[in-house]
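Read off the chains here:
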Amino acid sequence: MDSPLQRSQTQRITRFMERLSALQCIKWFVVVVLIFKSLQVIFNTSVLVVTMNQHSKAPFKLFISVYNVLVLVQLILFFLRHREYFRVARLPDIQDNNELSLFSNFVDAFSLFWCLTGFHWTQECKTCKISAPLLYYTTLTWSYLGIFVVVSPLIAIVLLIFIIAYFKPNLPVIEYKNTGEINKENANCSICLAEYNVNDKIKILPCNHHFHLNCIDEWFNIDDICPLCKKPINILYDLID
């Protein structure tokens, strides 16, 4: 059997590895984002060079040029806001720079506006996909991406709210017996206040409180919490907590 000292050392090592793994994940995420944005800048610059002599009815070159500057600014801001993760050996309690964060939000908002503008231009000039396909599809791709980056969190929030509101975990239902997992002293339904009879269907909640199946199902039409302890029965609440 391990000594208390060995157990303490093991726990410290485990906690350190957990923090280290989380830190490594954040570092990898930052590196991936920086690489992706760098590739965007390189690609956009290459497109502008290749299409130097091409012309289109819509100002796609203007869109790509401004978008390229926005991506470059976002890259720099993203690095400045996350560089602390590369200077520490464990997860720090980082205080975000308010001015930097505010400017970053402004850049993101303008980037969304610019992507909507680019999307509008692609819809206005359908013939450009033939006359200037590289400019057209580059503008269309970055417009879709910029809109998706902003809209996807909103969609995720709506889906989460929908799941929390309508998803109910598969709670166990048993038939009551005189001898079983429910003591005779507690063999009653707190909703209808009636005692359980043999073969009554009983639903057990995650908090281990139990009720008549029909009683608790009617209760769940009103609210999705335990009538006794008020604990939510939706499994997502436990994940959020």
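Located above this text is the structure these notes cover.
What you see is a predicted model, and the numbers here were worked out from it, not measured in a lab.

Asker: Sorry, what's going on with the packing of aromatic side chains here?
Answerer: In this description, an aromatic ring pair is defined by two values, namely the gap between the centres and the angle between the planes. Inspection of every chain in the model, using the stated rule, returns twelve aromatic pairs. Ring geometry for Phe110 against Trp114: centres 6.2 Å apart, planes inclined by 15°, an arrangement best described as stacked. Of the two residues, Phe110 and Trp114 both sit in helix α3 (residues 98-124), four residues apart, roughly one turn of that helix. Ring pairs connect the aromatic residues Phe43, Phe63, Tyr67, Phe110, Phe113, Trp114, Trp121 and Trp142, which therefore count as one cluster.

Asker: When you look at unusual backbone geometry in this model, what are you seeing that I'm missing?
Answerer: What is expected of a backbone is that most residues other than glycine have negative phi and most peptide bonds are trans. Even without glycine at this site, Asn199 takes up a positive phi of about 75°. You can see Asn199 is positioned in the loop between β1 (173-175) and β2 (201-204). The exposure class of Asn199 is partly exposed, given its relative accessible area of 43%. In this structure, Asn208 is a non-glycine residue whose phi angle is positive, near 75°. Tracing the sequence through the fold places Asn208 in the loop between β2 and β3 (210-212).

Asker: What should I look at first to understand the sheet that holds β3 in this one?
Answerer: One key point about sheets: their strands pair by backbone hydrogen bonds, in either a parallel or an antiparallel sense. The three strands lie next to each other as β1-β2-β3, forming an open sheet whose pairing is antiparallel. Each of the sheet's edge strands pairs with one partner strand only, and the pair in question is β1 and β3. Across the sheet, the mean angle separating the axes of adjacent strands is 35° when strand polarity is ignored. Where β2 meets β3, three bridges bridge the pair, whose relative direction is antiparallel. Counterpart to Ile204 in the pairing with β3 is His210.

Definitions and cut-offs
Residues numbered from 1 in each chain as written. Predicted model: local features only at pLDDT ≥ 70, side-chain atom pairs only at ≥ 80, totals over all residues. Heavy atoms only, no water. Phe/Tyr/Trp six-rings, centres within 6.5 Å; stacked < 30°, edge-to-face > 60°. Helix = DSSP H or I, 4+ residues; strand = E, 2+ residues; numbered from the N terminus. Buried < 20%, exposed > 50% of the residue type's maximum accessible area, 1.4 Å probe, protein only. Pairing = 2+ DSSP bridges. Axes fitted to C-alpha atoms, helices over the stretch in contact; angles between N-to-C directions.

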